[in-house]
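Breakdown of the fold
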Amino acid sequence: MHSRKTPHALTKRFCPTLASLGCAAMLLTAAQSTHAEQKFGFGHPISQKQLAAWDINVFADGGNLPAGSGTVAQGRDLYAQQCASCHGAKGEGGLGDKLAGGKNTLASDKPVKTVGSYWPYAPTLFDYIRRAMPLTAPQTLSNDQVYAVTAYVLQLNGLVPDDATMDAKSLAAIRMPNRDGFVPDPRPDVPQPAGDEKKSAQHKAIEQAH
Ligand code: HEC
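Residues numbered from 1 in each chain as written. Predicted model: local features only at pLDDT ≥ 70, side-chain atom pairs only at ≥ 80, totals over all residues.

1. What to know about the site of the ligand
- Cys 83, Cys 86, Gly 96, Met 133 and Pro 134 are the nearest of the 19 residues found near the ligand.
- Secondary structure elements with two or more residues in the shell around the ligand: helix 5 (84-87), helix 7 (123-132) and helix 8 (143-156).
- When the residues that make up the shell around the ligand are grouped by side-chain class, the tally is 13 nonpolar, 5 polar and 1 charged. (Near = placed C-beta within 6 Å. Helix = DSSP H or I, 4+ residues; strand = E, 2+ residues; numbered from the N terminus. Nonpolar A, V, L, I, M, F, W, Y, C, P; charged D, E, K, R; others polar.)

2. Side note on helix 8
- End to end, helix 8 covers 20 Å across 14 residues, agreeing with the expected 20 Å (1.5 Å per residue, within 8%).
- The buried fraction of helix 8 is high, at 11 of 14 residues.
- Of the residues making up helix 8, those classed as buried are Val 146, Tyr 147, Ala 148, Val 149, Thr 150, Ala 151, Tyr 152, Val 153, Leu 154, Gln 155 and Leu 156.
- Where helix 8 is buried, its residues contact strand 1 (69-71), helix 4 (72-82), helix 6 (115-118), helix 7, strand 2 (165-167) and helix 9 (168-172).
- Of the residues flanking the end of helix 8, it is Gly 158, one or two places downstream, whose phi is positive at about 70°. (Expected span 1.5 Å × (residues − 1). Buried ≥ 20, exposed ≤ 12 C-beta atoms within 10 Å, placed from the backbone. Contact = placed C-beta atoms within 7 Å.)

Right, here's the structure in full:
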């Protein structure tokens, strides 16, 4: 049995005087949806657990990284089983992107974009792998497994040592080599914040090359 507040109870709680039209409209909607639920039997509050399955955005600064951890060694095994077939045993690429190497090539004639050379933040690597990989079975890895395989991809790029353990804190603490390599890309139709004329050395190098 659902215990639901009746529109009347809601009225008493939220709109003692019913002075605001907006509030009246809100109650009307609440009353209608309660009615629809009773009549058709659909619509119900979702649980925190159900919500958690959708709440998987990880932010560049490590915000919303989940609990859990994984080591490079664990990641190496998992990678061999679930990633190497497409990305190569050492991240050299194949069917899937090259994940390692390309150091200092971005401003050259032949830029090689990999996790190590290109990605500006480590926490978003966790997000990407958890969300999208392995390509044929996305979102089948546990958070611990994603931490582990993230650790291994970072290790392949020489960004963490062989005995590293990745968790929310250690992942957020990694400074990726290309962290400052991204620059604003001003469009004439988009208002630009002040200070954008300051370009990084890398951007200038790329511009000169073209
Ligand atoms: C069946 C092939 C396949 C498997 C298996 C696979 N991937 Fe991928 N992966 C791809 C493809 C294809 C892309 C490029 C997707 C795109 O650009 O939309 C990709 C992209 C990536 C990227 C982003 C690379 C970049 O720089 O943009 C990462 C990181 C990654 N995969 C990690 C993994 C990990 C870790 C595993 C194992 C858990 C894995 N992949 C398993 C095919 C695969």
